[in-house]
Amino acid sequence: YLDIGAVASTQAEIDRVADLSARIVTTTATALSLTVTQHADRVVLGNTNSTVANTFTLPVATGSGARFTIINNIAQTQGTVVVAANGTDVMKGVAYIGDTTAETAGAFLTSATSDKLSCNLTTTGGLGGDSVECLDGAANTWTVRAWLSGSGSLATPFSAT
């Protein structure tokens, strides 16, 4: 027996979680505003190597529990890869960067005002296969974990705009 009156999920929420054919969202856009409906709880593959910044803008954090995973699927040779919070939102978390030439690694924490993660193709990542996971855990706050491929004297990818 199923009590339909007890179901609080919308059809869109059920589809977002259960539709396996939509698990991967591939984009060649240089600017993409992420939405809960189209991108949450999915993997967004960025397949663009452009002279401009490839920017992924998160929606406003509300504490919804939505998770966004962005993967830089191409070794960048000319632009940058940016994941940006929206409005007054901040990021809290850590980025792990592996140096592909010296085979060393570093971990970098956000600051109290961090609202952007930028991969510059060397010291802060962007060499391909980079992965950024953002969780909407609280109003105006994104919890961020990043695994990045860099080179040279590794540096924090986090900044405040």
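A. Main features of the sheet that holds strand 8 (residues 105-109). In spatial order, the strands read 1-3-5-10-11-7-8; together these seven strands make up an open sheet with mixed pairing. Single-partner strands in this sheet number two, and they are strand 1 (24-27) and strand 8. Strand-to-strand twist of the sheet, defined as the mean angle between neighbouring strand axes without regard to direction, takes the value 15°. The sheet contact formed by strand 7 (residues 90-99) and strand 8 spans five bridges and is antiparallel. Within strand 8, the residue paired with Ile97 across the bridge is Gly106.

B. Spotlight on the nonpolar core. Ranked by size, the top nonpolar core spans 28 residues in total, and within it Val83 and Trp142 carry the most contacts. Elements represented by at least two residues in this core include exactly strand 5 (67-72), strand 6 (80-84), strand 7, strand 9 (116-119), strand 10 (130-138) and strand 11 (141-150). Counting residues per element, this core draws most heavily on strand 11, at four residues.

C. How the structure looks around unusual backbone geometry. For Glu103, which is not glycine, the phi dihedral falls at a positive 55°. Note on placement: Glu103 falls in the loop between strand 7 and strand 8. Judged by its relative accessible area of 73%, Glu103 falls in the exposed class. Positive phi, normally seen in glycine, also occurs at Leu121, with a value near 85°. Along the chain, the position of Leu121 falls in the loop between strand 9 and strand 10.

Calculation notes
- Residues numbered from 1 in each chain as written.
- Predicted model: local features only at pLDDT ≥ 70, side-chain atom pairs only at ≥ 80, totals over all residues.
- Heavy atoms only, no water.
- Pairing = 2+ DSSP bridges.
- Helix = DSSP H or I, 4+ residues; strand = E, 2+ residues; numbered from the N terminus.
- Axes fitted to C-alpha atoms, helices over the stretch in contact; angles between N-to-C directions.
- Core = buried A, V, L, I, M, F, W, Y, C linked by side-chain atoms within 4.5 Å.
- Buried < 20%, exposed > 50% of the residue type's maximum accessible area, 1.4 Å probe, protein only.

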